Amino acid sequence: MNVKNTTKRRSKSINKPIMIMLLVLGFVPIVIMAINSYIINIDMLRERNDLAKQSAVATIQKSRTDLRKTTNDKLTEVSRQPIFENDFDFKQIRRDLRLTVSGDDAYTNVIFINQNGKFTSAKSIKDTADLRTKDWYKGAIQKEGQIYWTTPHYLEATGQWLTTASTVVRNKKGDSGVICFNVSYDGIVNEFADMKVGRTGSLTLVSNTGNVINSTGNENAGTVYKIGKNISQSPEFKAIANSRKRKGTVHIKGENKTQDIYFDKGNNSSVTWTFAKVSKDDLKTEQTALFRNTVFIFIVIGILIVIATIASVRWITDGIDIFKNRIQEAASGNLNKLDKYDPSIKQPPLKKLAAKFVSPDPNGHEFNKIAYEYNLMIDATAELIGHVQTNSAKVDEMSTSLLDLSKQTDRAIDEVAQTITGIADVTSSQAQETQESVTKLEELSKVIDELNESVQAMNAESDESAKINQDNMNTMDSVNSNWVAELDDMKALSQSVQNMNAD
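(A) Focus on the overall build of the chain. Counting its secondary structure elements, the chain contains nine helices and 11 strands. Sorting the 503 residues of the chain into buried and exposed places 34% on the buried side. Per element, the accessible surface of the chain, about 31,400 Å² overall, is 53% carbon and sulfur.

As C-alpha cells, then:
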C-alpha cells in the first residue's frame, strides 16, 4: 500500500528578500557611520585632553624658561660689574648684591665667595660651614665661563623648593670667586593653581632626579603626586627619562591611550621636567553620554529605516499584486487591461502609489512601460482570439457539410447493396431456366447500366467529398498554425511576467 505524504507549500514571495536587502542597505551604512562617529568623537576628546596637557605643560615650562633666562641674564650682568674687576671689596659687593635681589621674590639670597673661602651675601646664612664644599661652587668651578644650575632641593625651614645658579668671576689680578643666586620656585608653583588637565588629570613639576616639586589636579583620581616624594622608580618617570625626545608623548605599557603622558624636559641643561597625565576614566562621562546619544540616534534612524522599508515593500508588492491579478484574470479568460492611474479615486496612500507605480505609460519608468506593453499584449491576444473564434465557426460549418455528405454516401452504398442482393436472388431462382435467365440477364444488364450510372454519380459525390475534406484539412492546418503562434505568444507573456517578478 503506497502512502503519499502531502505537505502544503508556503507560497513564495519576494517580500522577504526585498525587505532584507533594504534593511541591510539601510542599517549597514548607519552602523558604520555610528561606529565611525563614535571613534572620531573619542579621538577628538582624547585630542582635547592632549591639547590640555600640552597647554598646561607649556605654561609651566614657559614660566620656568623665563625664570631661568631672567636669572642667567641677571647673573651675567652682576658678574660683569666693576666691583669684580679689582680687589674684591666685600662690603661694596654686599651692598650691590642686596640691591640686586631687593623687590624680587624669585631670589631668596645672593652669595659671593672667593677662592679662599671668604664670602658675603645679601641675606644672612645660617650654615656658615665652608661654602666651597657646596655643589653650586664645585659645579661653577668645573664649568667656568658658563652658568651652572643645581638640582632643586627642598628647604624645610621655609617650605620652599630652591635651585641655585652660579658662575665664576675673576678680577684683573687673577683672583677668582663664585656668585650664586638662590632661586625660588614659588612663582612657578603659584601658577599651578590655575592649571586644569581634563576631569581627572594632574600637572607635575619634578626635578631630573625624580623629586616632586609640585603636583596639582584631581586628588581623588589618583594622578596627583605628593610634594617632595621621589618618583624616580615610577613607570611614568622612567618612560620620560628613557625618551630620546626633549618633549612629546610617552605611552605606559598596559595603560590605555587616554593615559598617555605629555612631557617637556626643556633643554639639555634643564634640571626640572614638567609632565601632565589623566586617569583612565577621564573620558568616562563623555564616553557614556556619547554612547547614549549614538545609540539613541541609531534607534531613531533604525525605526525610520524599518518604517520606510515596510512601506517600500508594501508599495512594491501592491503594484506586483495588481499585475498578478490581471494575469490570473487573463488565465481565466477575462482579458482586462491595466487601468491608468486616476488621482480622483479615494484609496490608501500606499494603494495610490502602487496604482501609479503600474499605471501604463509609454514614456514613464520601467514598470509604467511594462504595464503599457502588457495592455498592448492583451489587445493583441483579444484580436487573436477573435480570429480563432471566426475560424472555428467556419470549421464547424464545414464539418456539418461533411457530415451530410457522409450520410448521403451511406444511403448510396445501402442502395448498391440492396441491388446486388436482388441480383443474387434473381440469379438463383432462374438457374434452371436458361431462357428465362437470358431474359433476366438482359434485365440485369439494364440494372447494371443503371448501377453504373449510380456508381459514377457516387464517384462524383465522393470526389466532391474529398475536395471538401482537403479544404477542411487546409483549414485545420491554418487553425493549428494559429494555435502554435498563440502558444508562443503566451510563452513570451509568461516569460515577461517571470522577468517582471524577478525585477
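(B) The packing of aromatic side chains, seen in detail. Using the criterion set out here, one finds nine aromatic pairs in the structure. Ring geometry for Tyr107 and Phe181: centres 5.3 Å apart, planes at 85 degrees, overall edge-to-face. Within this pair, whereas Tyr107 is found in strand β1 (residues 107-114), its partner Phe181 is found in strand β6 (residues 176-184), the two being separated by 74 residues in sequence. The pair Tyr107 / Phe181 is uniform in exposure class, with both members buried. Aromatic pair Phe237 and Trp273: ring centres 5.2 Å apart, planes at 20 degrees, arrangement stacked. Residue Phe237 is located in helix α5 (residues 235-242), and its partner Trp273 is located in strand β11 (residues 272-277); the two are separated by 36 residues in the primary sequence. Take Trp273: its relative accessible area is 10%, and that puts it in the buried class. The ring of Trp273 carries the charged tip of Lys265 above its face, separated from the ring centre by 5.3 Å.

(C) Molecular detail of the nonpolar core. Core analysis: the biggest nonpolar cluster contains 36 residues, and Phe84, Phe112, Ile179 and Phe181 have the highest contact counts within it. The set of elements that each furnish at least two residues to this core consists of α1 (15-79), α2 (90-101), β1, β5 (160-170), β6 and β7 (202-207). Here the element with the most residues in this core is α1; it accounts for six residues. Discounting residues that sit within four places of it in the chain, Phe112 has contacts with Phe84, Phe88, Phe90, Ile93, Leu97, Lys118, Phe119, Thr120, Val169, Gly177, Val178 and Ile179.

(D) Quick look at the sheet that holds strand β8 (residues 212-217). If you trace the five strands from one edge of the open sheet to the other, you get β8-β7-β11-β10-β9, paired in antiparallel fashion. Each edge of the open sheet carries a strand with a single partner, namely β8 and β9 (247-250). Ignoring strand direction, the axes of neighbouring strands in this sheet form an average angle of 15 degrees. With four bridges connecting them, β9 and strand β10 (residues 261-264) associate as antiparallel partners. Looking at β10, one finds that Thr249 is bridged to Tyr262. Sitting on the sheet, α5 touches β7, β9, β10 and β11, and the angle it makes with β11 is about 120 degrees.

(E) Fine view of the side chain of Asn182. Mapped onto the elements, Asn182 comes out in strand β6. Of note is the side chain of Asn182, whose polar atom sits 3.0 Å from the side chain of Thr164. The residues contacting Asn182, other than those within four sequence positions of it, are Ala106, Tyr107, Thr108, Asn109, Ile111, Thr163 and Thr164.

(F) Representation of the pattern of salt bridges within the structure. Here the structure, examined in full by the defined rule, presents seven salt bridges. Here Lys277 and Glu236 are joined by a salt bridge, their closest N and O atoms 2.8 Å apart. Of this pair, Lys277 sits in strand β11 while Glu236 sits in helix α5, and the two are 41 residues apart along the sequence. The exposure classification of Lys277 matches that of Glu236, with both residues buried.

(G) Seen up close, α2. Over its 12 residues, α2 extends 17 Å from the first C-alpha to the last, a length consistent with the 16 Å expected when each residue adds 1.5 Å. Those residues of α2 that sit buried are Phe90, Ile93, Asp96, Leu97, Thr100 and Val101. All buried residues of α2 lie within an arc of 130 degrees about the axis, which places them on one face of the element. In α2, the exposed positions that point more than 90 degrees away from the buried face belong to Lys91 and Leu99. Looking one or two residues beyond α2, the residue adopting positive phi is Gly103, at roughly 75 degrees.

(H) Local environment of the pairing of β7. The element β7 is extensively covered by neighbouring structure, given that six of its six residues are classed as buried. As judged from the five bridges shared by β7 and β8, these two strands associate in the antiparallel manner. Note that in β8 the partner of Leu203 across the bridge is Thr216. Between β7 and β8, which follow one another and run antiparallel, lie four residues, and Gly210 among them has a positive phi close to 100 degrees.

(I) Seen up close, the pairing of β5. The buried count for β5 comes to 10 of 11 residues, which makes it a mostly enclosed element. Judged from the two bridges that link them, strand β3 (residues 148-149) and β5 form a sheet pairing that is antiparallel. Counterpart to Trp149 in the pairing with β5 is Ala165. Between strand β4 (residues 153-155) and β5, which pair antiparallel and follow one another directly, the connecting turn spans four residues, one of which, Gly159, has a positive phi of 70 degrees.

(J) A look at the side chain of Gln160. Tracing the sequence through the fold places Gln160 in strand β5. A relative accessible area of 15% means that Gln160 is categorised as buried. Excluding anything up to four places from it in sequence, Gln160 contacts Thr108, His153, Tyr154, Leu155, Ser184 and Asp186.

The rules behind these values
Residues numbered from 1 in each chain as written. Predicted model: local features only at pLDDT ≥ 70, side-chain atom pairs only at ≥ 80, totals over all residues. Heavy atoms only, no water. Helix = DSSP H or I, 4+ residues; strand = E, 2+ residues; numbered from the N terminus. Buried < 20%, exposed > 50% of the residue type's maximum accessible area, 1.4 Å probe, protein only. Areas by Shrake-Rupley, 256 points an atom, 1.4 Å probe, with all protein chains shown as cover. Phe/Tyr/Trp six-rings, centres within 6.5 Å; stacked < 30°, edge-to-face > 60°. Lys NZ or Arg CZ within 6 Å of the ring centre and 35° of its normal. Core = buried A, V, L, I, M, F, W, Y, C linked by side-chain atoms within 4.5 Å. Contact = heavy atoms within 4.5 Å. Pairing = 2+ DSSP bridges. Axes fitted to C-alpha atoms, helices over the stretch in contact; angles between N-to-C directions. Polar contact = N/O pair within 3.5 Å; in protein donor to acceptor, adjacent residues only side chain to side chain. Salt bridge = Lys/Arg side-chain N within 4 Å of Asp/Glu carboxyl O. Expected span 1.5 Å × (residues − 1). Arc of directions from axis to C-beta.

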